[in-house]
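# Architecture and fold: a report
Listed below are the residues making up each chain.
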Amino acid sequence: MADRSAQNLFIHNAAQVITPALSTSGPSPALALRVIEDGAVLIIDSKIAALGPTRDLKSDPRVQHVPQLNCTDCVVAPGFVDSHTHLVFAGTRQLEYEKRIQGTSYEEIAASGGGIQETVRQVRRTSEDSLLEAAKQRCREFLDHGTTTLEAKSGYGLDPDNEFKILRVVRRLREDSTLPVEIVSTFLGAHEIPEEFQKDRRGYVNLICSQMIPKVAQENLAEFCDVFCERTVFNLGESRQILLTARQHGLKLKLHADQLTRNGGAQLAVELNAISADHLECIEDRDVEALSHSNVVATLLPGATFHLGKGNYAPARKLIDSGARVALATDFNPGTSPTVNMQMVLSLACSQLHMSPAEAFAAATLGGAMALNRHGDRGSLDPGKAADLAIFDVPDYRLVPYHFGMNHVRAVIKDGQVLFDHWN
Ligand code: NIG
Ligand code: FE
């Protein structure tokens, strides 16, 4: 069981300590990465107390009295903040994966009753306890790969009982003291029109707005509300109605926007001042422009584009260069992105989105924290923030995306507690 008491630790001799910061020195605010060679981090009472070169921190009198962790030849970074996952589901969809490889599109599979509907059928016949066990195991895998905070969406229930079943699983995960990952809950009842409402889509939108959202808010089952805003799923008007209702009930807003086609999702996110607009593969210059003049975090999910084999990655360079706030996340789900590995997402961000390794690390930590409204206490190693760290077994942070598809994590520290340490 994780020890949740106050933790002290002195991490020293790291080849590099890296931490992102929101820089306001350029023409528009941008995420920058500070790199401290031969770095150290002092953790007191489970919070970051100081960071800097090892030789400077060693003279801090507090260092004498705390346990030490020597990180020679390693990179010390904030733990990843994965701001977009569909954590709770049952089953896998490798048959559909094979069909896609043979040329059937994601939309065609969805139209023939597969895709999200297939996972919904599986979730509906799976008990809450079984869903919990599977999700717990996935949380451990996230931690093993350096993720210390993650978002978890519902969206594979699509009726009140099953959506609430998923959200109760998320609540039980959050309350599980043996599972030290931070989890943020999102209601995504508007992930697809369920089979029983195919001929009455208005009926399902009304069910979401009149029954599901009020109960989610009343029982505090989620902090965010998300909608799959897509021509073939929830159109712009339906998405607006659902998100406005969610906002009236005190939920913060997210959108799956412009993923498969451009239908104005990013513009809707700006109009509603959503916390994030996610995907954005199909946005145009006018959408980049709107996002860059807003506080909406553009959350890029290159794992989904990769797994779908589409090649139309989101225009990350345009977004960054025009000053939009950018986050990276896995989009972990059984259909389009079955990976928990944020390091692989960094590799895709660098090789496919043309982000620099520094931009990618910043977007996967502080960017993710901004997309979850957690940047006040997570996502960077600023003094006063929670001591959530990932330690990589490489001497230069650029080697993490460079050696792609691997797990470079050697240790994870959550709230100052060393969860595992592959030195031992
Ligand atoms: O983010 N786009 C909608 N939702 C998921 C896919 C979910 C699924 O196929 O099961 C996504 O890509
Ligand atoms: Fe998603």
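These numbers were taken from a predicted model, which means no experiment stands behind them. (Residues numbered from 1 in each chain as written. Chains lettered and ligands numbered in written order. Predicted model: local features only at pLDDT ≥ 70, side-chain atom pairs only at ≥ 80, totals over all residues. Heavy atoms only, no water.)

### A few points about the coordination of the iron ion (ligand 2)
Around the iron ion (ligand 2), the protein contributes the donor atoms His-84 (NE2), His-86 (NE2), His-256 (NE2) and Asp-331 (OD), which lie 2.1 to 2.3 Å from the metal centre. Motif for the iron ion (ligand 2), donor spacing along one chain: H-x1-H-x169-H-x74-D. Placement of the pair is His-84 in the loop between β6 (80–82) and α2 (94–101) and His-256 in strand β10 (residues 252–257), with a sequence separation of 172 residues. Note on accessibility: His-84 and His-256 belong to one class, buried. (Donors = N, O, S within 2.8 Å, 3.2 Å for Na, K, Ca; no water. Helix = DSSP H or I, 4+ residues; strand = E, 2+ residues; numbered from the N terminus. Buried < 20%, exposed > 50% of the residue type's maximum accessible area, 1.4 Å probe, protein only.)

### So, the sheet that holds β6
Spatially, eight strands are ordered β6-β7-β8-β9-β10-β11-β12-β13 in an open sheet, and the strand pairing comes out parallel. The open sheet has two edge strands, β6 and β13 (325–328), and neither has a second partner. The average undirected angle you get between the axes of adjacent strands in this sheet is 25 degrees. The sheet contacts of helix α7 (residues 201–218) involve β8 (182–190) and β9 (224–229), and relative to β8 the element is tilted by about 150 degrees. (Pairing = 2+ DSSP bridges. Axes fitted to C-alpha atoms, helices over the stretch in contact; angles between N-to-C directions. Contact = heavy atoms within 4.5 Å.)

### Re the site of ligand 1
In the vicinity of ligand 1 there are 15 residues, among which Arg-93, Tyr-106, Tyr-156, Gln-259 and Thr-336 approach most closely. Here Tyr-106 contributes a side-chain N or O atom positioned 2.5 Å from an oxygen atom of ligand 1. Separating a nitrogen atom of ligand 1 from a side-chain N or O atom of Gln-259 is a distance of 2.7 Å. If ligand 1 stood free it would expose 330 Å²; the protein chains cover 100% of that surface. Here the shell around ligand 1 is built from residues that sort into four nonpolar, nine polar and two charged. (Near = heavy atom within 4 Å. Polar contact = N/O pair within 3.5 Å; in protein donor to acceptor, adjacent residues only side chain to side chain. Areas by Shrake-Rupley, 256 points an atom, 1.4 Å probe, with all protein chains shown as cover. Nonpolar A, V, L, I, M, F, W, Y, C, P; charged D, E, K, R; others polar.)

### Let's talk about the state of the cysteines
Tallied over the full model, the rule gives zero disulfides. Just so you know, Cys-282 is unpaired, no disulfide at all, and the nearest cysteine sulfur is the one on Cys-229, 12 Å from it. For Cys-282, a relative accessible area of 17% puts it in the buried group. (Disulfide = S-S within 2.5 Å.)

### Here's the deal with helix α5 (residues 128–144)
In an α-helix there are 3.6 residues to a turn, and that puts residues three or four apart on one side. Between its first and last C-alpha, α5 extends 24 Å over 17 residues, near the 24 Å set by a 1.5 Å rise per residue. Inspection of α5 places Glu-128, Leu-131, Leu-132, Ala-135, Lys-136, Arg-138, Cys-139, Phe-142 and Leu-143 among the buried residues, and these make up the whole buried set. (Expected span 1.5 Å × (residues − 1).)

### Structural notes on the side chain of Ser-185
Considering the arrangement of structural elements, one finds Ser-185 in strand β8. By relative accessible area, which is 5% here, Ser-185 ends up buried. Setting aside residues up to four positions removed in sequence, Ser-185 forms contacts with Ala-152, Leu-167, Val-170, Leu-221, Ala-222, Glu-223 and Phe-224.

### With respect to the packing of aromatic side chains
Applying the stated criterion across every chain, the model contains nine aromatic pairs. On the basis of an interplanar angle of 15 degrees and a centroid distance of 6.0 Å, the ring pair of Phe-80 and Phe-361 is categorised as stacked. Of this pair, Phe-80 sits in strand β6 while Phe-361 is found in helix α14 (residues 357–371), placing the two residues 281 residues apart along the sequence. Of the residues examined, Phe-80 reaches a relative accessible area of 0% and is grouped as buried. Between the aromatic rings of Phe-89 and Tyr-156, the centroid separation amounts to 6.3 Å while the plane-to-plane angle is 75 degrees, which identifies the pairing as edge-to-face. (Phe/Tyr/Trp six-rings, centres within 6.5 Å; stacked < 30°, edge-to-face > 60°.)

### Topic: unusual backbone geometry
Non-glycine residue Asp-258 carries a positive phi angle of around 55 degrees. Among the secondary structure elements, Asp-258 is positioned in the loop between β10 and α9 (265–271). Backbone geometry at Asp-331 places phi at a positive 60 degrees, although glycine is not the residue there. Tracing the chain through its elements places Asp-331 in the loop between β13 and α13 (342–351). On the accessibility criterion, Asp-331 (2% relative accessible area) is buried.

### Regarding the packing of α13 against α14
Contact geometry for α13 and α14: axes closest at 9 Å, N-to-C directions at 135 degrees. With respect to α14, the axis of α13 lies oblique. Helix-helix and strand crossings are classified by hand; for α13 and α14 the assignment is right-handed. Touching Met-342, Leu-346, Ala-349 and Cys-350 of α13 are Pro-357, Ala-360, Phe-361 and Ala-364, all from α14. Partitioning the contact of α13 with α14 into residue classes produces eight nonpolar, no polar and no charged. (Parallel < 35°, antiparallel > 145°, perpendicular 65-115°, else oblique. Left-handed = near helix turned anticlockwise from the far one by under 90°.)

### Brief notes about the environment of Asn-70
Assignment of secondary structure puts Asn-70 in strand β4 (residues 68–70). Residues Asn-70 and Ile-11, 59 residues apart in the sequence, show an inter-C-alpha distance of 6.0 Å. One polar contact links Asn-70 to Thr-72, side chain to side chain, over a distance of 2.6 Å.

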